[in-house]
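Residue-level structural notes
Residues per chain are reported as follows:
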Amino acid sequence: VVAAVLTWHRSRRALPWAVLAAAALAGLAAIAGSHSEAWWTVALAGAGLGVVAVVDALERRVPTAVAYGTTVLSGVSLLVAAAGSGHWGDLGVATAATGFIVLVYGALWFVRALGLGDVRLAGATLSAGSGGLAYVSTMLFVPAVALGVAALVQLVVRRRITALPMGPALVAGWLVALGSLPR
């Protein structure tokens, strides 16, 4: 809800949907991340990612403050989990895996295939990064498939394909990666 309020001054049209998406993704993230000691911060990261997905879908922009805030919350969730369990290696794996994803999406931004907001959003998926190689493959595969399906639906419904927002696809990849973390 806080993330939705942060975007309110520029996204009045998206606010009701952003609040609903934040609540829904926070709930799903809490369920998917319930094995972690920091499930509540994973839920907060889900709320931020839900807001970003809605705003990107409706307005074709990723709110910078929410993307950075979600990245910080994701980092905090990993720090709390590492401190609680003593598995500091998970923090290193998550940082390296997310860094690789940001590097890949940064290269796509460099060739103008993505917007810079999408690169920032890729960093906000840090809370699922402890999955390592599974996270990397999920964050590359699921958004590509989700965008492909959305393009096919758009082609069938509208008989043309226009630019599609990457944010919702990245959030879908994050949720799948979070759900596939070992329990």
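Time to look at the packing of helix H3 (residues 39–59) against helix H4 (residues 64–85). For any two helices packed against each other, one specifies the crossing angle of their axes together with the interaxial distance. One can describe the packing of H3 onto H4 by two numbers: an axis separation of 9 Å at closest approach and a directional angle of 160°. With respect to H4, the axis of H3 lies roughly antiparallel. Where H3 crosses over H4, the two elements pack in a sense that is left-handed. Within the contact between the two elements, H3 uses Thr41, Val42, Leu44, Ala45, Gly48, Leu49, Val51 and Val52 and H4 uses Val66, Ala67, Thr70, Leu73, Ser74, Val76 and Ser77. Of the residues in the contact of H3 with H4, the class split is ten nonpolar, five polar and no charged.

Here we come to the pattern of salt bridges. For the coordinates displayed, the defined rule picks out one salt bridge. Among the salt bridges present, the one from Glu59 reaches Arg61, with a minimum N-O distance of 3.2 Å. Judged by its relative accessible area of 24%, Glu59 is partly exposed.

Another point: the side chain of Ser74. With respect to the helices, strands and loops of the structure, Ser74 is situated in helix H4. Of the residues examined, Ser74 reaches a relative accessible area of 0% and is grouped as buried. Polar side-chain contacts of Ser74 include one of 3.1 Å to the backbone oxygen of Ala124. Beyond its immediate sequence surroundings of up to four residues, Ser74 is in contact with Ala45, Ala124, Leu126 and Ser127.

Here is what the cut-offs are and how they apply
Residues numbered from 1 in each chain as written. Predicted model: local features only at pLDDT ≥ 70, side-chain atom pairs only at ≥ 80, totals over all residues. Heavy atoms only, no water. Axes fitted to C-alpha atoms, helices over the stretch in contact; angles between N-to-C directions. Helix = DSSP H or I, 4+ residues; strand = E, 2+ residues; numbered from the N terminus. Parallel < 35°, antiparallel > 145°, perpendicular 65-115°, else oblique. Left-handed = near helix turned anticlockwise from the far one by under 90°. Contact = heavy atoms within 4.5 Å. Nonpolar A, V, L, I, M, F, W, Y, C, P; charged D, E, K, R; others polar. Salt bridge = Lys/Arg side-chain N within 4 Å of Asp/Glu carboxyl O. Buried < 20%, exposed > 50% of the residue type's maximum accessible area, 1.4 Å probe, protein only. Polar contact = N/O pair within 3.5 Å; in protein donor to acceptor, adjacent residues only side chain to side chain.

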